[in-house]
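The chain contents come next:
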Amino acid sequence: MELRTVYTAQGHLVAEMIKGKLESVGIPVLLDYESIGRVYGITVDGLGEVRVMVPQELAEEALELLKGSSD
């Protein structure tokens, strides 16, 4: 399955909120991050970044949903 990043969060809290929103409408989500950032709470040099990824075929739907929530 091909995945596409639809959102990049700075930290897990925001990423988990985005994940919950997408999963609530049936879009499966994978969070991709460097584990060392999570263990030590480091947020510099990209270590705090969490990529919210969805299946390629659902990416446009996810982006529209996320766009609507930021308006």
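Our subject is the structure that appears above.
Note that the structure is predicted; figures quoted are calculated from it, not measured.

Further remarks concern the overall build of the protein chain. Per the secondary structure count, the protein chain includes three helices and three strands. In the protein chain, the succession of helices and strands from N to C terminus is β-α-β-α-β-α. Burial status across the protein chain gives 28% buried among its 71 residues. Within the protein chain, contacts between residues separated by at least 24 positions form 68% of all contacts whose residues are at least 6 apart in sequence. Working note: accessible area of the protein chain is about 4,600 Å², and carbon and sulfur atoms make up 52% of it.

Within strand β3 (residues 49-55), five of the seven residues are buried, which leaves it mostly tucked inside the rest of the structure. The pairing of strand β1 (residues 3-10) with β3 spans seven bridges and is classified as antiparallel. The residue bridging Thr8 from the neighbouring strand is Arg51, located in β3. The pairing of strand β2 (residues 30-33) with β3 spans four bridges and is antiparallel. Within β3, the position partnered with Asp32 by the bridge is Arg51.

Opposite charge on two side chains allows them to pair when their charged atoms are near. Tallied over the full model, the rule gives three salt bridges. Arg51 is the salt-bridge partner of Asp32, the closest N and O atoms lying 3.1 Å from each other. In this pair, Asp32 sits in strand β2 while Arg51 sits in strand β3, placing the two residues 19 residues apart along the sequence. Bridged by salt links that share partners, the residues Asp32, Glu49 and Arg51 form one connected network.

The grouping of Met1, Leu3 and Leu30 at the surface amounts to a nonpolar patch, some 320 Å² of accessible area in total. Within the secondary structure, Met1 is located in the segment before β1.

Attention shifts here to the environment of Lys21. Topologically, Lys21 is positioned in helix α1 (residues 12-24). Counting along the chain gives 41 residues from Lys21 to Ala62, while the straight-line C-alpha distance between them is 9.5 Å.

The rules we used
- Residues numbered from 1 in each chain as written.
- Predicted model: local features only at pLDDT ≥ 70, side-chain atom pairs only at ≥ 80, totals over all residues.
- Heavy atoms only, no water.
- Helix = DSSP H or I, 4+ residues; strand = E, 2+ residues; numbered from the N terminus.
- Buried < 20%, exposed > 50% of the residue type's maximum accessible area, 1.4 Å probe, protein only.
- Contact = heavy atoms within 4.5 Å.
- Areas by Shrake-Rupley, 256 points an atom, 1.4 Å probe, with all protein chains shown as cover.
- Pairing = 2+ DSSP bridges.
- Salt bridge = Lys/Arg side-chain N within 4 Å of Asp/Glu carboxyl O.
- Patch = residues over 30% accessible without salt bridge, like charges linked within 9 Å, V, L, I, M, F, W, Y side chains within 5 Å.

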